[in-house]
Amino acid sequence: MNLADGVQLVSFAVLAAMMLGAALGVVLLANIVYSAFLLGLVFVSMSGMYILLNAGFVAAAQVLIYVGAVNVLILFGIMLVNKREDFAPVKNVWLGRAATGAVCLGLFALLGTMILATPWVISIAPPAGDDAMVVIGKHFFSDFLLPFELASVLLLMAMIGAIVLARRDLLPDELADQDGREPPVALKLPERPRELISGKK
Amino acid sequence: MDFANLAAQLNTGVILPEGIVLVTLMVVLVGDLITGRASSSRWSPYVGIAGLLAAIVALYFQWTTTTNPISFLGAFNGDALSIVFRGIVALSCAITLLITARYVEQSGTALPEFIVILLTATLGGMFLSGANELVMIFVSLETLSISSYLLTGYMKRDPRSNEASLKYLLIGAASSAIFLYGVSLVYGLSGGETRLSAITTSIVANNGEQSLGVVVALVFVIAGIAFKIAAVPFHQWTPDVYEGSPTPVVAFLSVGSKAAGFALAVRLLVSAFPMVSEQWRFVLTALAILSMVLGNVVALAQTSMKRMLAYSSIAQAGFVMIGLIIGTDAGYASMVFYLLVYLFMNLGGFACVILFTLRTGTDEITEYSGLYQKDPLLTLCLSICLLSLGGIPPLAGFFAKIYLFWAGWQSGAYTLVLLGLVTSVISIYYYIRVVKMMVVKEPEEMSDAVKNYPEIDWKLPGMRPLQVGLVVCLVATSLAGILSNPLFTLANNSVLRTPLLTPATIAPPASGTALLDQPSIHSSNSTLGG
């Protein structure tokens, strides 16, 4: 084993330990703010893995998009909904946790077996390395052109939807005053909510 | 690769219908900006419908003159099957637009944005029906899904709508993640292939016939598809989302979105997983049995019309899956035919529910009692559509079911067909319950909502299109059974002309039997129908 291999092995071990520890923290910690910050750590260590795999562009995109956008958005969300609520402890909570743990372990065992049993084909093409961006760009404008263009429609629609959800609408009382007809139901379903059976009694 | 060469290879003409829908969407969006809310909510539904009809016409021309269906270097496949499914999605959106205008206006929300998002969902569904490559499948699936989440939460002051949207988003995101994991496994197993046609050969070359990895990938992919078509046990979102969404959205989700899901199922399972076809047939059989039983049995206990239709749509998905499972020419053709008929009868049912809601403000089944005295047209239309969904003879739904069960029986799927028959009998009970409620009740048993029924006024803005939609669905549902020959031919041709589904088309026996099938089903129909 030469020096480069050793460095790779050690950094892989460090990154893997960091990622697994942070991921366990995300799931197990009770405080959601810690979970959100640990999620950022998971993303950062994952981008380290990409660098080890010679995929510098993907690593940069991972940091920019997941840490810079997604995770920050999650943190904003948590800060905006800063509501403390004490929930009554659930009885037999360990039962649910044990079941979840068993399902997760079973899934892990299945996927682990699958990964070890499958004869994976390892690509013999040399890694693109720093030319990755050129290769990706060529793909975007040749065989992935259609999905690339459709993604722009998707983003446009997501933007319109976000604006529709977030904007302040004209209040329906004002609408009713203007034309004197019956006031429409204010941005609600026309169906009346169902009466619960206990409410009838 | 120079530019002229690339342009020729792209073969962009194939996505002309989608291009028309996209242009319509932009026209509605920009026109709304220019003319303002008041005037744009008058013309935008008509522009949307015109665009969708133009897209259907473009699809028709492609149907008659398809030479080279592969476009965008293999990303999109415009074969006959995809043309039919794209037509179903576009038509369901057009009818949904007809019944939308009044509903959205009465709830005080903006109509043009609603139409824009609905058209984007349609665009996603149309691309999904022809997507021929993993990346394209995922992007179009997300376009369809994310617009559906937005539409579900469109009544933003209503807690039910918010709950429905959030539930749909969370479950949908989880199922997308599972689907993506499965797709990434397929990518890895095939050594970096994304085109569906190349995946199988590559997997077989790399891994031999079967491996655990392929099966795991298959299970994950099926989980993602089953969520889209709302098959049990991936159905938990359906009742709550259907109850909390605006009713036109439910109508689109139950027909357009489901049809796109079935198109994806056929293309992905048939072309990428032929080496595990026994396994996926087995998994789908389990899903179909569960859907038919649970959907029909739970629908019996519902008190809300929208929830009842939700469970009924789960059950109908189970019926359609029979055609996919048996995997013969007749099976696929019966599936396409069932979806075509289901489009009209289900959308007709939802049009009636919308109309009743707009006039009375409720969708409880008990409130429908005695409706016959006040509104005969609505009663007639709802009765016809529900009876057709149940499969009562001279209506379209009966012929669709008979064709489906006949195809299943021919290929030896006896358990599925018998179960389908039993559960359709159960389903007739809850459909007829509504009809009985409307027709049989004496005037003194009339519900409060019907007693206070408002004057029937078709002159209100947005009512005319609703009436047109109602009558179109009514006519189609009552006549498509008796005059079903064009639809039969369409469904059969869509399968026979698709190279993917009939690899042995060149061999004379396969095409010969398929041609012989057609008259025999007609004769059986006429005897049973008469």
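Residues numbered from 1 in each chain as written. Chains lettered and ligands numbered in written order. Predicted model: local features only at pLDDT ≥ 70, side-chain atom pairs only at ≥ 80, totals over all residues. Heavy atoms only, no water.

Colleague: Explain the overall build of chain B residue by residue, including any values.
Modeller: Helix and strand content of chain B: 22 helices and two strands. For 530 residues, the compact-globule estimate of 2.2 N^0.38 gives 24 Å, and the C-alpha radius of gyration of chain B, at 22 Å, lies within 12% of that figure. Considered along the principal axes of its C-alpha atoms, chain B spans approximately 75 × 55 × 40 Å. Among the 530 residues that make up chain B, the fraction classed as buried is 63%. For chain B, the accessible surface area stands at approximately 17,600 Å², while carbon and sulfur atoms represent 69% of it. (Helix = DSSP H or I, 4+ residues; strand = E, 2+ residues; numbered from the N terminus. Rg over C-alpha atoms; globule rule 2.2 N^0.38 Å. Buried < 20%, exposed > 50% of the residue type's maximum accessible area, 1.4 Å probe, protein only. Areas by Shrake-Rupley, 256 points an atom, 1.4 Å probe, with all protein chains shown as cover.)

Colleague: For the overall build of chain A, give the residues involved together with the corresponding values.
Modeller: Across its full length, chain A carries eight helices and zero strands. Counting helices and strands in the order they occur from the N terminus, chain A gives α-α-α-α-α-α-α-α. For chain A, the residues scored as buried account for 22% of the 201 residues in total. Counted over contacts in chain A with a minimum sequence separation of 6, partners at least 24 positions apart contribute 47%. Carbon together with sulfur atoms contributes 71% to the accessible area of chain A, which is approximately 15,000 Å² in total. (Contact = heavy atoms within 4.5 Å.)

Colleague: Quick one: what's the story with the interface of chain B and chain A, residue by residue and with numbers?
Modeller: Counting residues at the interface gives 68 residues for chain B, matched by 40 residues for chain A. Across the chain B/chain A interface, buried area totals approximately 4,800 Å², and carbon plus sulfur atoms make up 70% of it. Interface area lost by chain B to chain A is led by Lys156, Arg157 and Arg160 of chain B, which between them contribute 14%. Where chain B touches chain A, the interface holds two salt bridges. (Buried area = accessible area lost by both parts, 1.4 Å probe. Salt bridge = Lys/Arg side-chain N within 4 Å of Asp/Glu carboxyl O.)

Colleague: Describe the packing of helix 14 (residues 329-360) of chain B against helix 16 (residues 376-390) of chain B, with residues and values.
Modeller: Residues and elements named next belong to chain B. Closest axis-to-axis distance for the helix 14/helix 16 pair is 9 Å, and the angle between their directions is 145°. Regarding helix 14 and helix 16, the two cross each other, and that crossing is left-handed. Here Tyr342, Met345, Asn346, Gly348, Gly349, Cys352, Leu355 and Phe356 of helix 14 lie close against helix 16, whose contacting residues are Leu378, Cys381, Leu382, Cys385, Ser388 and Leu389. The residue makeup of the contact of helix 14 with helix 16, split by class, is ten nonpolar, four polar and no charged. (Axes fitted to C-alpha atoms, helices over the stretch in contact; angles between N-to-C directions. Left-handed = near helix turned anticlockwise from the far one by under 90°. Nonpolar A, V, L, I, M, F, W, Y, C, P; charged D, E, K, R; others polar.)

Colleague: Summarise a nonpolar patch on the surface; cite the residues concerned and give the values.
Modeller: Residues and elements named next belong to chain A. Together, Leu64, Ile65, Tyr66, Val70 and Ile74 make up an exposed nonpolar region whose accessible area comes to about 430 Å². Along the chain, valine 70 turns up in helix 3 (residues 56-80). Residue valine 70 is classed as partly exposed on the basis of its relative accessible area, which comes to 33%. (Patch = residues over 30% accessible without salt bridge, like charges linked within 9 Å, V, L, I, M, F, W, Y side chains within 5 Å.)

Colleague: Run through helix 9 (residues 212-229) of chain B, naming residues and quoting values.
Modeller: One turn of the α-helix equals 3.6 residues, which is why residues spaced by three or four share an orientation. All names here are of chain B. A rise of 1.5 Å per residue sets the reference length of helix 9, with its 18 residues, at 26 Å; its end C-alpha atoms lie 26 Å apart and thus fit the reference within 8%. The buried fraction of helix 9 amounts to 15 of the 18 residues, a majority that puts the element mostly inside the structure. One or two residues past the end of helix 9 sits alanine 230, with phi positive at roughly 55°. (Expected span 1.5 Å × (residues − 1).)

Colleague: Describe in detail helix 4 (residues 80-106) of chain B, supporting the description with residues and values.
Modeller: Residues and elements named next belong to chain B. End to end, helix 4 covers 40 Å across 27 residues, agreeing with the expected 39 Å (1.5 Å per residue, within 8%). The buried fraction of helix 4 amounts to 24 of the 27 residues, a majority that puts the element mostly inside the structure. Remark: glycine 108 follows helix 4 within two positions and exhibits a positive phi of approximately 75°.

Colleague: Which residues make up the pattern of salt bridges, and what values go with them?
Modeller: All names here are of chain B. This structure, assessed with the given rule, holds ten salt bridges over all chains. Of the charged contacts in the structure, one is a salt bridge between aspartate 158 and arginine 160, with a shortest N-O distance of 3.2 Å. Among the salt bridges present, the one from glutamate 243 reaches arginine 307, with a minimum N-O distance of 2.7 Å. Taken as a pair, glutamate 243 in helix 10 (residues 237-244) and arginine 307 in helix 13 (residues 305-326) lie far apart in primary sequence, 64 residues in all. Arginine 307 matches glutamate 243 in its accessibility class, with the two residues each being buried. One salt-bridge network, in which partners are shared between bridges, spans Glu163, Lys167, Asp240, Glu243 and Arg307.

Colleague: An account of the packing of aromatic side chains is requested, with residue identities and associated values reported.
Modeller: Residue and element names in this part refer to chain B. What the rule picks out here adds up to 21 aromatic pairs over all chains. Ring centres 4.9 Å apart and planes at 75° place the aromatic pair tyrosine 403 and phenylalanine 488 in the edge-to-face group. Of this pair, tyrosine 403 sits in helix 17 (residues 396-410) while phenylalanine 488 sits in helix 21 (residues 485-496), and the two are 85 residues apart along the sequence. Judged on exposure class, the residue tyrosine 403 and its partner phenylalanine 488 are both buried. Centre to centre, the rings of tryptophan 409 and tyrosine 414 are 4.5 Å apart; their planes meet at 75°, and the pair counts as edge-to-face. (Phe/Tyr/Trp six-rings, centres within 6.5 Å; stacked < 30°, edge-to-face > 60°.)

Colleague: Can you lay out the nonpolar core for me, pointing to particular residues and giving the numbers?
Modeller: The tendency in soluble globular proteins is for nonpolar side chains to be buried side by side. Among the nonpolar cores identified, the biggest contains 201 residues, and Leu268 and Phe273 of chain B are the most heavily contacted of them. At 23 residues, helix 14 of chain B tops the list of elements feeding residues into this core. Within the second largest apolar cluster, six residues are counted, among which are Leu15, Ala16, Ala22 and Val42 of chain A. (Core = buried A, V, L, I, M, F, W, Y, C linked by side-chain atoms within 4.5 Å.)

Colleague: Lay out the environment of serine 147 of chain B in plain terms, naming residues and giving numbers.
Modeller: Residue placement: serine 147 of chain B occurs in helix 6 (residues 134-152). For serine 147 of chain B, a relative accessible area of 0% translates into the label buried. For serine 147 of chain B and leucine 119 of chain B, which are 28 residues apart along the polypeptide, the C-alpha to C-alpha distance reads 9.0 Å. Apart from residues no more than four positions distant in its own chain, serine 147 of chain B is found in contact with Met157 of chain A together with Ile117, Thr120 and Ala121 of chain B.

Colleague: Explain the confidence of the model for chain B residue by residue, including any values.
Modeller: Residue and element names in this part refer to chain B. When pLDDT is averaged along chain B, the result is 89; 94% of the residues meet or exceed 70. Low confidence marks residues 504-530, where pLDDT is under 50. Its contacts with residues over four positions away, or in another chain, come to 25 contacts. Scored as a complex, the prediction yields pTM 0.91 and ipTM 0.89. (pLDDT = per-residue confidence, 0-100.)

Colleague: Tell me what's going on with the packing of helix 17 of chain B against helix 18 (residues 414-439) of chain B, and back it up with residues and numbers.
Modeller: Residues and elements named next belong to chain B. Where helix 17 contacts helix 18, the axes come no closer than 8 Å and their chain directions differ by 155°. In terms of axis orientation, helix 17 runs roughly antiparallel to helix 18. Between helix 17 and helix 18 lies a crossing whose hand is left-handed. For the pair formed by helix 17 and helix 18, the contact residues are Lys401, Phe405, Gly408 and Trp409 on the first element and Tyr414, Val417, Leu418, Gly420, Leu421 and Ser424 on the second. (Parallel < 35°, antiparallel > 145°, perpendicular 65-115°, else oblique.)

Colleague: Could you give an account of the side chain of serine 176 of chain B, naming the residues involved and the relevant values?
Modeller: Residues and elements named next belong to chain B. With respect to the helices and strands, serine 176 occurs in helix 7 (residues 159-189). According to the relative accessible area criterion, serine 176 is buried, its value standing at 10%. Look past the residues within four positions of serine 176 in its chain and what remains in contact with it is Phe138 and Glu142.

Colleague: Explain unusual backbone geometry to me, and be specific about the residues and the numbers.
Modeller: Here the bond from valine 232 of chain B into proline 233 of chain B is cis, since omega is 0°, no more than 30 degrees from zero. Of note, proline 233 of chain B is situated in the loop between helix 9 and helix 10. A positive phi angle, close to 70°, is found at asparagine 54 of chain A, a residue other than glycine.

Colleague: Before we move on, can you summarise the environment of isoleucine 171 of chain B with the specific residues and values?
Modeller: All names here are of chain B. Within the fold, isoleucine 171 resides in helix 7. The spatial distance from the C-alpha of isoleucine 171 to the C-alpha of methionine 345 is 28 Å, given a sequence separation of 174 residues. In this view, isoleucine 171 contacts Phe227 and Trp237; residues no more than four positions away in its chain are not counted.

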